[in-house]
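Given next are the chains, with one letter for each unit.
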Amino acid sequence: FLLAWSAYSRFVRHGFMGEQGLNERMNEFRIRWMTEMSRREQRMVDSSIMGSLQNGAAFFTSTSLIAVGGAITMLRATDDMLRIFADLPLGLVADRTLWELKSIGLLLIFGYAFFKFAWAYRLFNFAAILVGATPARSHEDEAARELMVRRAARMNMVAGSHFTRGQRAFFFALAY
């Protein structure tokens, strides 16, 4: 399972047959976005987008906590779950150790997702600060503006990467 997760993550990062993956292409758009943002005097659109990114990360952070609670409940209710499976007419024999290992596995996956989403939220917050700190188009020092554009874009890329890893954890939890 972990090997499949790792291989998939690597495949997605490096694309098919050496082609650029979707996340890398989105990073190019993040750079373009920050470049365009630096040319705008009014940044309400950029603030709105940053707020949406933060809200998405906050939503998945709280969802991860609910999932962690569900996994803990599954672990705590092992006896009840074994009785339910024993009563099903499917001929399945549920094993206590296997059930507990699966529940702990889910707990770890959702815990990992929580930390990825929480960190993404924090990084999106930092990116929003960098967007606000980017000098206006009329600023004399072009080099300072370019530096802030690169910083804001890079922070947004890193935040997006952590958010993607959190989402991937959710998807792999389903497979698990």
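Residues numbered from 1 in each chain as written. Predicted model: local features only at pLDDT ≥ 70, side-chain atom pairs only at ≥ 80, totals over all residues. Heavy atoms only, no water.

Caption draft 1: Up close: the environment of asparagine 55. Its location among the elements puts asparagine 55 in helix H3 (residues 44-76). We classify asparagine 55 as exposed; its relative accessible area is 54%. In sequence terms asparagine 55 and arginine 165 are 110 residues apart; their C-alpha atoms lie 17 Å from each other. (Helix = DSSP H or I, 4+ residues; strand = E, 2+ residues; numbered from the N terminus. Buried < 20%, exposed > 50% of the residue type's maximum accessible area, 1.4 Å probe, protein only.)

Caption draft 2: A nonpolar patch on the surface, seen in detail. The grouping of Ile84, Leu88, Leu90 and Leu92 at the surface amounts to a nonpolar patch, some 380 Å² of accessible area in total. With respect to the helices, strands and loops of the structure, leucine 92 is situated in the loop between helix H4 (78-87) and helix H5 (96-133). (Patch = residues over 30% accessible without salt bridge, like charges linked within 9 Å, V, L, I, M, F, W, Y side chains within 5 Å. Areas by Shrake-Rupley, 256 points an atom, 1.4 Å probe, with all protein chains shown as cover. Salt bridge = Lys/Arg side-chain N within 4 Å of Asp/Glu carboxyl O.)

Caption draft 3: How the structure looks around the environment of leucine 107. In this structure, leucine 107 sits in helix H5. The spatial distance from the C-alpha of leucine 107 to the C-alpha of valine 68 is 5.5 Å, given a sequence separation of 39 residues. Each residue touching leucine 107, except ones within four places of it in the same chain, is listed here: Val68, Ala71 and Ile72. (Contact = heavy atoms within 4.5 Å.)

Caption draft 4: Examining the packing of aromatic side chains more closely. Scanning the model with the defined rule gives 15 aromatic pairs in all. Their ring planes at 70° and their centres at 5.9 Å tell us that phenylalanine 60 and phenylalanine 170 sit as a pair that is edge-to-face. With a gap of 110 residues between them, phenylalanine 60 in helix H3 and phenylalanine 170 in helix H6 (residues 142-175) connect regions that are remote in the sequence. According to the relative accessible area criterion, phenylalanine 170 is buried, its value standing at 16%. (Phe/Tyr/Trp six-rings, centres within 6.5 Å; stacked < 30°, edge-to-face > 60°.)

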